[in-house]
Amino acid sequence: MLLQVSDLAIRSRSGGVRILDGVDLQLGAGEVLGLVGESGCGKSMTCYAIADLLPAGLVRAGGSVRFDGVDMGSLDEPARRRLRGGRIAMIFQDPTSHLNPVHRVGTYLEGALKRHRGLSGTDARMEAIRLLERVGISDAKRRMNAYPHEFSGGMNQRLMIAHALACEPDLLIADEPTTALDVTTQAQILDLIETVRAETGMAILIVSHDLGVIARLADRAAVMHCGRIVETAPVEALFDRPAHPYTSALIGCMPTVDPDDCDPPRPIRGSVPSLADLPGGCHFHPRCDRRMPACGLARPPLAALADGQSSACFNPVPTW
Ligand SMILES: Nc1ncnc2c1ncn2[C@@H]1O[C@H](COP(=O)(O)OP(=O)(O)OP(=O)(O)O)[C@@H](O)[C@H]1O
Ligand SMILES: [Mg+2]
């Protein structure tokens, strides 16, 4: 297993609010895992915890992240830094805010090539130009001298992907890589991620609240609700026969362009509870049509169903 996240817990430093609560995720070499869930459920914090980039206000409260068999918690900071940006690369929803505005595009890429691949001088410059061309930036030689503010949002996302590729990572973490982009650019960036994956064979953890993006790119998906994974399955199974009522409700919210499907999207009733005041047991039970008395009393464990599907529910939707 390339990435093994076990029982990961994250709390806020002040107040001890539980942000992630016993998160388990596995990702094999070359596999694409999609992480979905409503806003605020902890998708980004899961990515940050894996990449060891948690914001200052949050702390690890338990669990482990193993990368290629090594517990990242056992490494010192220089070793973790080599891994991050080297074997693990990350791209973000809003590329512009993660790019240094005073660094030219070329400097940014050459820096990564120097740090992680030991290239310098003409070699680094040639490789940076090749990477820009590879991610579809035209007139790459001239654009090496540009600043990020001279690039469009789509070009900056391409630049971040080029930066990630510069390191030849085994794992790319992509947190909402297309959400800030218009639909045409979004489709181009998804095409690019697919191409890069086919060429390099790297594993990808992709986060999106757009189930269409996950259906297109991922082999498997994990559904997150209030800091917990509530379901995980191969992507076709997840969409065709979701077992957790929350997954089923999320899919029901999705607008469809299928002319034979006349059902309007059904919003999930109620609202996402505050992490500071979560209902006991299964956190979804107050909004769930299938709740039983036990659901408010105990936390349902993630239990294996058939064919690689697991669901954390005492009364799952029948999947046969
Ligand atoms: N620095 C921080 N200090 C305290 N709480 C935080 C901090 N950053 C995020 N949170 C809280 O952590 C929870 C999970 O946030 P996260 O950003 O992971 O959600 P998300 O699933 O990525 O949502 P979105 O789809 O909107 O990006 C949220 O309730 C958020 O308020
Ligand atoms: Mg997020």
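Preceding this paragraph is the structure being described.
Residues numbered from 1 in each chain as written. Chains lettered and ligands numbered in written order. Predicted model: local features only at pLDDT ≥ 70, side-chain atom pairs only at ≥ 80, totals over all residues. Heavy atoms only, no water.

Participant: What is the right way to look at the overall build of the protein in this model?
Facilitator: What the protein contains, in helices and strands, is 10 helices and 12 strands. For 320 residues, the compact-globule estimate of 2.2 N^0.38 gives 20 Å, and the protein sits close to it at 20 Å. Overall, the C-alpha framework of the protein stretches about 70 × 50 × 35 Å when taken along its three principal axes. The buried share among the 320 residues of the protein stands at 49%. Contacts spanning at least 24 positions in sequence make up 64% of the contacts within the protein whose residues lie at least 6 apart. Surface exposure of the protein reaches about 14,700 Å², of which carbon and sulfur atoms provide 52%. Within the protein, the 37 negative side-chain charges are centred at a point lying 6 Å from the centre of the 33 positive side-chain charges. (Helix = DSSP H or I, 4+ residues; strand = E, 2+ residues; numbered from the N terminus. Rg over C-alpha atoms; globule rule 2.2 N^0.38 Å. Buried < 20%, exposed > 50% of the residue type's maximum accessible area, 1.4 Å probe, protein only. Contact = heavy atoms within 4.5 Å. Areas by Shrake-Rupley, 256 points an atom, 1.4 Å probe, with all protein chains shown as cover. Lys, Arg positive; Asp, Glu negative; His and termini not counted. Charge placed at Lys NZ, Arg CZ, Asp CG, Glu CD.)

Participant: For this particular structure, what's the right way to read the site of ligand 1?
Facilitator: Taken together, 13 residues lie around ligand 1, and Ser39, Gly40, Lys43, Ser44 and Met45 are the ones closest in. Taking Gly40, its main chain carries an N or O atom lying 2.8 Å from an oxygen atom of ligand 1. The separation between an oxygen atom of ligand 1 and a polar side-chain atom of Lys43 is 2.8 Å. Relative to its unbound accessible surface of 640 Å², ligand 1 loses 65% to contact with the protein. Tallying contributions element by element places helix α1 (residues 43-50) first for the shell around ligand 1, with three residues. (Near = heavy atom within 4 Å. Polar contact = N/O pair within 3.5 Å; in protein donor to acceptor, adjacent residues only side chain to side chain.)

Participant: Can you help me understand the sheet that holds strand β1 (residues 3-12) in this one?
Facilitator: Pairing between sheet strands relies on hydrogen bonds along the backbone, with the strands arranged either parallel or antiparallel. With antiparallel pairing, four strands are arranged side by side in an open sheet as β2-β1-β4-β5. Each end of this open sheet is capped by a strand with a single partner; those strands are β2 (18-27) and β5 (70-71). Bridging between β1 and β2 involves six bridges; their strand directions are antiparallel. From the neighbouring strand, Ile10 faces β2, where its bridge partner is Leu20. Sheet contacts for α1: β1, β2 and β4 (58-67); angle to β2, the most-contacted strand, approximately 65°. (Pairing = 2+ DSSP bridges. Axes fitted to C-alpha atoms, helices over the stretch in contact; angles between N-to-C directions.)

Participant: Would you take a moment to explain the packing of helix α4 (residues 121-134) against helix α6 (residues 153-166) for this structure?
Facilitator: Any two packed helices are characterised by how steeply their axes cross, that is the angle between the axes, and by the distance between the axes. Relative orientation of the contacting elements α4 and α6 amounts to 130°, with a least axis distance of 9 Å. Classified by the interaxial angle, the pair formed by α4 and α6 is oblique. The element α4 and its partner α6 pack so that their crossing is right-handed. Contacts between α4 and α6 involve Leu131, Leu132 and Arg134 from the former and Leu159, Ala162, Leu165 and Ala166 from the latter. Of the residues belonging to the contact of α4 with α6, the class tally is six nonpolar, no polar and one charged. (Parallel < 35°, antiparallel > 145°, perpendicular 65-115°, else oblique. Left-handed = near helix turned anticlockwise from the far one by under 90°. Nonpolar A, V, L, I, M, F, W, Y, C, P; charged D, E, K, R; others polar.)

Participant: What should I look at first to understand the environment of Arg143 in this one?
Facilitator: Considering the arrangement of structural elements, one finds Arg143 in helix α5 (residues 140-143). Residue classification places Arg143 among the partly exposed residues on the basis of a relative accessible area of 21%. Considering only alpha carbons, one finds Arg143 and Ile129, 14 residues apart in sequence, at a separation of 8.8 Å.

Participant: Would you explain unusual backbone geometry in this entry?
Facilitator: Glycine aside, residues mostly have negative phi, and peptide bonds are mostly found in the trans state. The phi dihedral of Asp7 falls on the positive side, at around 55°, and the residue is not glycine. Mapped onto the secondary structure, Asp7 falls in strand β1. Even without a glycine there, the phi angle at Asp139 is positive, about 55°. Relative accessible area serves as the criterion here: at 40%, Asp139 is assigned to the partly exposed category.

Participant: Would you mind going over the sheet that holds strand β8 (residues 203-207) with me for this structure?
Facilitator: Spatially, eight strands are ordered β6-β7-β8-β3-β9-β10-β12-β11 in an open sheet, and the strand pairing comes out mixed. Unpaired on one side and paired on the other, β6 (88-91) and β11 (303-304) mark the two borders of the sheet. Pairing between strand β9 (residues 220-225) and strand β10 (residues 228-234): six bridges, direction antiparallel. Counted as the bridge partner of Val223 is Glu231 from β10. On the sheet, α6 packs against β6 and β7 (171-175) and is oriented at approximately 175° with respect to β6. Here helix α10 (residues 245-252) sits on the sheet in contact with β3 (32-36), β9 and β10, set at roughly 100° to β9.

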